[in-house]
Amino acid sequence: MLQKIEGIVIRTSDYGETNKVVTIYTREKGKLAFMARGAKKPNSRLSSVTQPFTHGSFLVQSGSGLGTLQQGEMMTSMRHIREDLLMSAHAAYMAELLDKSTEEKKPNPYLYELFEQCLHYLNEGYDAEVITAIFEMKMLQVIGLHPELSGCAHCGSREGRFAFSIRENGFLCHRCFEVDPYLLPLSQAAIKLLRLFYFFDLKRLGDIKVKEETKKELRTAISLYYDEYSGIYLKSRRFLDQMERMQSFLVNKEQEED
Ligand SMILES: [Zn+2]
């Protein structure tokens, strides 16, 4: 059956001399893989639409086995992402997280919108670390994790100072700090952002500026939480961490030289 679908390329692998197997996260049908014959040849009409993170409209032939990609029309090339190593690393991480958290042929329009929007923001030059943190916070419910971030996970209070407790699965108010000896102290700015990223409507993202030290706190809290509960280990996360360390090393060096 020949069908038209909208989707984003999340993974590609070589198949033989000239073919690629392309995994596309689609709006209509969730994650699907297709054989793209000849896509490895530079002059192939499939070569540009099978680039990672391409957002396009695809004509596919699906059957019982692996479907084939017949044609593709680019809707957004996500070129800025591909031209920047750090942005690509962020996009690759989001794509791998999406890939590892979903099964094939399970439509999830919410997740499609989320991923598409995050890539668009990234491509438009929004702070990559912020976008990735938002994506991770919004992916929690997709994975089936529901931290208590609206109030204290122990007493339910919404007032007071808060810290993050991995063990208690959410925030703890200052009255309940002693419940968890491994409590992660966070600035109230970081607390606000974790809550905001988890609950807010991504379409309403305005100009968002987050201080470096707050971003570090978000990174630590989100990583600890994922490590503890998600059961997902991603190579692209390690690569991204290495890139970020390298970047902050270079920034520090520049500052020393000035
Ligand atoms: Zn409390």
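For the structure given in this document, a descriptive report is provided here. (Residues numbered from 1 in each chain as written. Predicted model: local features only at pLDDT ≥ 70, side-chain atom pairs only at ≥ 80, totals over all residues. Heavy atoms only, no water.)

1. Describing the pattern of salt bridges
Then, in step 1: In this structure the tally under the stated criterion is 16 salt bridges.
Then, in step 2: Among the ionic pairs, E113 bridges to R27, the shortest N-O distance being 2.6 Å. Taken together, the residues E113 in helix α3 (residues 109-123) and R27 in the loop between β2 (19-26) and β3 (30-36) connect sequence positions 86 residues apart.
Then, in step 3: Assessed through its relative accessible area of 27%, E113 is described here as partly exposed.
Then, in step 4: Sharing partners across several salt bridges, the network here consists of E136, R219, R237, D241 and E244. (Salt bridge = Lys/Arg side-chain N within 4 Å of Asp/Glu carboxyl O. Helix = DSSP H or I, 4+ residues; strand = E, 2+ residues; numbered from the N terminus. Buried < 20%, exposed > 50% of the residue type's maximum accessible area, 1.4 Å probe, protein only.)

2. Examining the pairing of strand β7 (residues 170-173)
Then, in step 1: Note that strand β6 (residues 162-165) and β7 share 4 bridges and pair antiparallel. Pairing of S165 across the sheet is with G170, part of β7.
Then, in step 2: Two successive antiparallel strands, β6 and β7, enclose a turn made up of 4 residues, where N169 displays a positive phi of approximately 60°. (Pairing = 2+ DSSP bridges.)

3. Some remarks on the coordination of the zinc ion
Then, in step 1: Taken together, C152 (SG), C155 (SG), C173 (SG) and C176 (SG) make up the protein donors of the zinc ion, found 2.3 to 2.4 Å from the metal.
Then, in step 2: What the 4 donor atoms of the zinc ion show is an angle range of 105 to 114° at the metal, which sorts the shape as tetrahedral.
Then, in step 3: When the donor residues of the zinc ion are listed from N- to C-terminus, their spacing reads C-x2-C-x17-C-x2-C. Here C173 lies in strand β7 and C152 lies in the loop between α4 (128-143) and β6, a separation of 21 residues in the sequence. When sorted by exposure, C152 lands in the same class as C173, which is buried. (Donors = N, O, S within 2.8 Å, 3.2 Å for Na, K, Ca; no water. Tetrahedral: all angles 85-135°; square planar, octahedral: opposite > 155°, others 65-115°.)

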